[in-house]
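Geometric and topological summary
Each chain is listed here by its residues.
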Amino acid sequence: MIAIIEIKDLRVSFHAYFGEVQAVRGVNLKLGDGDTLAIVGESGCGKSVTALSIMRIHNMDATEFKSGEILFDGTDLLKISEKEMQNIRGNRIGMIFQDPMTALNPSMTVGNQIAEVLLRHGRSAGGKRLSPKDARERATELLRRVKIPSPERRASQFPHEFSGGMLQRAVIAMAMACSPEVLIADEPTTALDVTVQAQILDLLKEMQREKRASLIIITHDLGVVANIAKSAAVMYGGLVVEAGTIGDIFYRSSHPYTRGLLDSISRESGRKNEPLKSIEGTPPDLVNPPAGCPFTDRCEYAMRVCKDRLPPESALSETHLCRCWMLDPECPLKIERGKL
Ligand code: SF4
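Below: a short report on this structure. Remember, predicted model here, so these are calculated numbers, not experimental data.

**Section: the packing of aromatic side chains**
- As enumerated under the stated definition, the model contains four aromatic pairs in all.
- Ring plane angle 50° and centroid distance 4.6 Å describe the contact between Tyr236 and Tyr257, whose orientation is recorded as tilted. With a gap of 21 residues between them, Tyr236 in strand S9 (residues 231-236) and Tyr257 in helix H11 (residues 256-263) connect regions that are remote in the sequence.
- Geometrically, the ring pair formed by Tyr257 and Phe295 is edge-to-face, given 5.4 Å between the ring centres and 65° between the ring planes. One end of the pair, Tyr257, is in helix H11; the other, Phe295, is in the loop between H11 and helix H12 (304-308), and 38 residues separate them in sequence. The residues Tyr257 and Phe295 share a single accessibility class, namely buried.
- Each residue in the set Tyr236, Tyr257 and Phe295 is aromatic and connected to the rest through ring pairs, giving one cluster.
- One cation-aromatic arrangement involves Arg154 over Phe162; the distance from NZ or CZ to the ring centre is 5.1 Å.

Structure below.
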C-alpha cells in the first residue's frame, strides 16, 4: 500500500491544571492513497487528538508533541514551520468538524467564506490566482455540487439561515474547495439526524471519489465505519488496540474491546434477536495511564501480565494488527481470529 499519511509512534500530551494528560501514547497508523480510514473509539480515547495532530490545530500553548513523526507525502508535518503548515492546511489537507458552526464565521455569508478559501489557495486552470469574481462563481458552483438547492441565493446567506444538514454540506464544499489530497472528517454526522447522516456520508463518498482524495473519518459509530471506510483503527486509552480492513474488524476482530464495541451495536442479520450488550466500567485516567493494557479493568479475559505490561502489537495478517496478550505465543489462553 502506498501511504499518503503515515503516523509513527506519535505521543501527544496536554498540560492541564490537574496534570499532564497523555492523550496519545504511541500511535502508528497508515492512510493509503485514495483509501478511507476510520479511527474509532469512545470519547477521550485519543482519536480526535491523533487526527488533529495531522493539522496541528490544537491549543499549541498547552500541547506537547512528545515524540513521533507524521509523514505526509514524505514530509514530517511535526518538523515544518507554521508558515509551511499554513500552505498545507485547507489546501492539501482539508478538515470537516462535528459542529459546522465552529468552522464557519457567523458574520460572513457562506459564499464569501468559501470564496475566501479559494482566494487564499485556489488557482485557475492556467495556474494564476483567482479573481474575487471567479472565486465567488466557483463557490456557488461548489454549493451546487454538494446539492444545496438554489446555490446562487444560498451563497448570499449567513450560516444561521442554513439547517444543520445544509451547513454540513457547505462545510464539505469549503473543505473540498481546493481539491485537497487528504480530507479529515471529525464526527461529521454526529450532530445530525439519522436521515441527514446517511445523505452526508453519501455526499462525502461522492466528493472523495470525484476529487480522488484520501479520507480519515473519526467516529464512535461503527455504523458509519461500515458505511464508508475501507480500513479502521480502533483506539482505546491513547493507543491503537486493533487495526485492519473492514473485514478484519467486523468479521475477524480479535481484541476484546473491539468485540465489545461490535456487541453494543444492533445487527441487521445473524444475532439480531440477542440483546445489545454494553461495556461495563470506564476508560482509564490518562493523567496516570496504566502500565499495562489500558483495557485491563474492563476485560473479562484479563490476566496478571495485562496489568503489569503493555501488550505489543501482534500482526495477525498483512493487514490486521492487534494489541492483546492473548495473542502472545506464550499465553495459555488461545484465541482464534474472530472467535472470542
Ligand atoms: Fe484483555 Fe489482557 Fe488482552 Fe488487554 S491484553 S485486552 S486485558 S486479555
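**Quick notes on the packing of helix H4 (residues 110-121) against helix H7 (residues 164-176)**
- Viewed as axis vectors pointing N to C, H4 and H7 meet at an angle of 20°, and their least axial separation amounts to 9 Å. Relative to H7, the element H4 lies roughly parallel. The chirality of how H4 crosses H7 is right-handed. On the side of H4, the interface is formed by Val110, Gln113, Ile114 and Val117, while H7 contributes Ala170, Ala173 and Met174.
- Looking at the contact of H4 with H7 residue by residue, the class counts come to six nonpolar, one polar and no charged.

**A few points about the sheet that holds strand S1 (residues 3-16)**
- One open sheet accounts for four strands, arranged S2-S1-S4-S5; its pairing is antiparallel. Either end of the sheet is taken by a strand with one partner, and the two such strands are strand S2 (19-32) and strand S5 (75-76).
- Examined bridge by bridge, strand S4 (residues 63-72) and S5 share two bridges and lie antiparallel to one another. Along S5, the bridge assignment pairs Leu71 with Asp76.
- Together, S1, S2 and S4 form the strand contacts of helix H1 (residues 47-55), whose direction differs from that of S1 by roughly 110°.

**Side note on the pairing of strand S7 (residues 182-186)**
- Burial analysis of S7 places five of its five residues in the buried class, the great majority of the element.
- Going residue by residue along S7, you find Val182, Ile184 and Asp186 tucked away on one face and Leu183 and Ala185 tucked away on the opposite face as well.
- In terms of strand pairing, strand S6 (residues 93-96) meets S7 through four bridges, oriented parallel. If you follow Gly94 over to S7, its bridge partner there is Leu183.
- The pairing of S7 with strand S8 (residues 214-219) spans five bridges and is parallel. Looking at S8, one finds that Ala185 is bridged to Ile217.
- What joins S7 to S8 is helix H8 (residues 194-211), and the crossover it makes is right-handed.

**Focus on the side chain of Arg154**
- Assignment of secondary structure puts Arg154 in helix H6 (residues 151-155).
- Buried within the structure, Arg154 lacks any salt-bridge partner; its nearest side chain of opposite charge belongs to Glu161, at an N-O separation of 6.6 Å.
- Not counting the four nearest positions on each side in its chain, Arg154 is found in contact with Val110, Leu143, Ile148, Pro149, Glu161, Phe162 and Met166.

**Topic: the sheet that holds S6**
- Ordered in space as S6-S7-S8-S3-S9-S10-S12-S11, the eight strands form an open sheet in which the pairing is mixed. Since the sheet does not close on itself, it has two edges, and those belong to S6 and strand S11 (314-315), each with one partner.
- The sheet contact formed by strand S3 (residues 36-40) and S9 spans four bridges and is parallel. Paired with Ala38 across the two strands is Ala232, which belongs to S9.
- Each of S3, S9 and strand S10 (239-245) touches H11; the most contacted strand, S9, lies at about 105° to it.

Rules of the game
Residues numbered from 1 in each chain as written. Predicted model: local features only at pLDDT ≥ 70, side-chain atom pairs only at ≥ 80, totals over all residues. Heavy atoms only, no water. Phe/Tyr/Trp six-rings, centres within 6.5 Å; stacked < 30°, edge-to-face > 60°. Helix = DSSP H or I, 4+ residues; strand = E, 2+ residues; numbered from the N terminus. Buried < 20%, exposed > 50% of the residue type's maximum accessible area, 1.4 Å probe, protein only. Lys NZ or Arg CZ within 6 Å of the ring centre and 35° of its normal. Axes fitted to C-alpha atoms, helices over the stretch in contact; angles between N-to-C directions. Parallel < 35°, antiparallel > 145°, perpendicular 65-115°, else oblique. Left-handed = near helix turned anticlockwise from the far one by under 90°. Contact = heavy atoms within 4.5 Å. Nonpolar A, V, L, I, M, F, W, Y, C, P; charged D, E, K, R; others polar. Pairing = 2+ DSSP bridges. Right-handed = clockwise from strand over helix to strand, strands pointing away. Lys, Arg positive; Asp, Glu negative; His and termini not counted. Salt bridge = Lys/Arg side-chain N within 4 Å of Asp/Glu carboxyl O.

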